[in-house]
Amino acid sequence: MVNRSGRVDVALPAVVLLLVVLAEVATGRQQVVLGLSVMAPLVAATSLSRQATVAYAATTFVVATLLGLYSQQYTAESVVAQSIRLLAVVLAGFLAVATCERRLRNEAHTARLSAEAAATRAAVRTSETLQRALLGSPPRVPGMETAARYLPGEQGAQVGGDWYDAFPLPDGRMMLVIGDVAGHDAPAAATMAQTRGMVRALAGSGHSSPAALLTALDAVLEQMGLDTLVTVAVATVDVRGDGATAPLCWSNAGHLPPVLVRADGTADLLERTPERLLGAGRASAPRTEHEVELHRGDSVLFYTDGLVERRGMTLDDGTAWLLRALSRVGQEQLDRVCDGLLGALGSRGDDDIALLAVRLPR
């Protein structure tokens, strides 16, 4: 189909020129239609190359000259009119060439933009695939309902440093983690992967309380000499047994406070005195941890700042919006809660968003 269309484009100017010649011959020497020959290079300019358009412009001038001889238009009485016709043919040829060059530039520009857009889309897909591969499979917490989401921001093909995690500790408790490495580039993603891996390694080697783990992580990051800003909130939840409650213990290294949604629909920030970011200050400085009892039907949402820091929205406004939204929908299935929060934002913001939600079943 494409080849056939190309052959038609090549042949069409020649057909136009042939029809003009036939019309000139058919109407007789007294009827001058040779001026219509200017259509040939103009038609060529719409689909053919610059060289082909120039060739048709030159051919049209030759044909118009010969038709003028055939029509006996070079007499003293008509030589001026015929010269004007030939000048018009020449000008039409130049116009056709200029039009062709403009078309070719526009086509090249469009092709370049299309190629860049395709490359960007491919890079975005690759980056998102890489980011999700670094995050791993959606975490599952035995004995609790769980949901997790990751939404990249409007940062083109860049990857980011947001992450979530949940894994069992040697004693049977579950550890929940949400974190954010500053930046939207490959170094941020690499630091995220390193930090995520170190959290798991330290937790498995005996640093099983949130405060102890963050203190050990401070020391490791100080030894590595990382100067990247990292925030993280770490929690443990003990769902062993069939009790009506489960203790949630957490420590927060400069991260946004989790939200506790009670079974009756009330939503509150698990907000305590802010503590330093990871790697900031003295690694030996103690960290604190806090505890709250989860009752049947209670949920906890861990999130990164992209959820509450948006264009035209202060952090306080974003946090107030989140609490209101969770008060309305916090009792729905956790997948719906996460999807509803992301959907309510309307569009991707500048920053990535990571969500981790857990609920103690009724």
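Refer to the structure presented above.
Below, the structure is looked at part by part.

Procedures and definitions
Residues numbered from 1 in each chain as written. Predicted model: local features only at pLDDT ≥ 70, side-chain atom pairs only at ≥ 80, totals over all residues. Heavy atoms only, no water. Helix = DSSP H or I, 4+ residues; strand = E, 2+ residues; numbered from the N terminus. Polar contact = N/O pair within 3.5 Å; in protein donor to acceptor, adjacent residues only side chain to side chain. Contact = heavy atoms within 4.5 Å. 1 Å grid on protein atoms, 1.4 Å probe; cavity = no way out; pocket = protein on both sides within 12 Å on 5 of 7 lines; lining within 4 Å. Points joined across faces, edges and corners; volume = space filled by probe spheres on them. Nonpolar A, V, L, I, M, F, W, Y, C, P; charged D, E, K, R; others polar. Salt bridge = Lys/Arg side-chain N within 4 Å of Asp/Glu carboxyl O.

1. As for the side chain of Thr60
Tracing the sequence through the fold places Thr60 in helix α3 (residues 50-70). A distance of 2.7 Å separates the side chain of Thr60 from the backbone oxygen of Tyr56, its partner in a polar contact. Discounting residues that sit within four places of it in the chain, Thr60 has contacts with Leu17, Ser37, Val38, Ala40, Pro41 and Val89.

2. Some points on the layout of surface pockets
Its volume calculated, the largest pocket comes out at about 330 Å³. Along its surface, the largest pocket is lined by 19 residues, and His255, Leu256, Pro257, Glu271 and Pro274 are the ones closest to its centre. Going through the elements one at a time, β5 (245-253) and α7 (315-329) are the ones with two or more residues in the lining of the largest pocket. Looking at the lining of the largest pocket, its residues break down into eight nonpolar, seven polar and four charged. The space that makes up the second largest pocket amounts to roughly 210 Å³. Forming the walls of the second largest pocket are 16 residues, and the residues nearest its centre are Asp180, Ala182, Thr231, Asp305 and Asp351. For the lining of the second largest pocket, the secondary-structure elements that each account for two or more residues are β3 (174-181) and β4 (230-237). Of the residues in the lining of the second largest pocket, the class split is six nonpolar, five polar and five charged.

3. Some points on empty space enclosed by the protein
Here the structure, examined in full by the defined rule, presents one cavity of 30 Å³ or more. Each pocket or cavity is described by its volume, and for the largest cavity that value is around 60 Å³. Val261, Ser299, Val300, Leu301, Leu326, Gly330, Leu334, Val337, Ala357, Val358 and Arg359 are the residues that line the largest cavity. Those elements that provide at least two residues to the lining of the largest cavity are β9 (299-303), α8 (334-344) and β10 (353-359). In the lining of the largest cavity, the residues fall into eight nonpolar, two polar and one charged.

4. Observations concerning the pattern of salt bridges
Going through the model one piece at a time under the given rule, you end up with 13 salt bridges. Asp171 is paired through a salt bridge with Arg173; the nearest N and O atoms lie 2.8 Å apart. One continuous salt-bridge network, built from bridges that share partners, spans Asp218, Glu275, Arg276 and Arg287.

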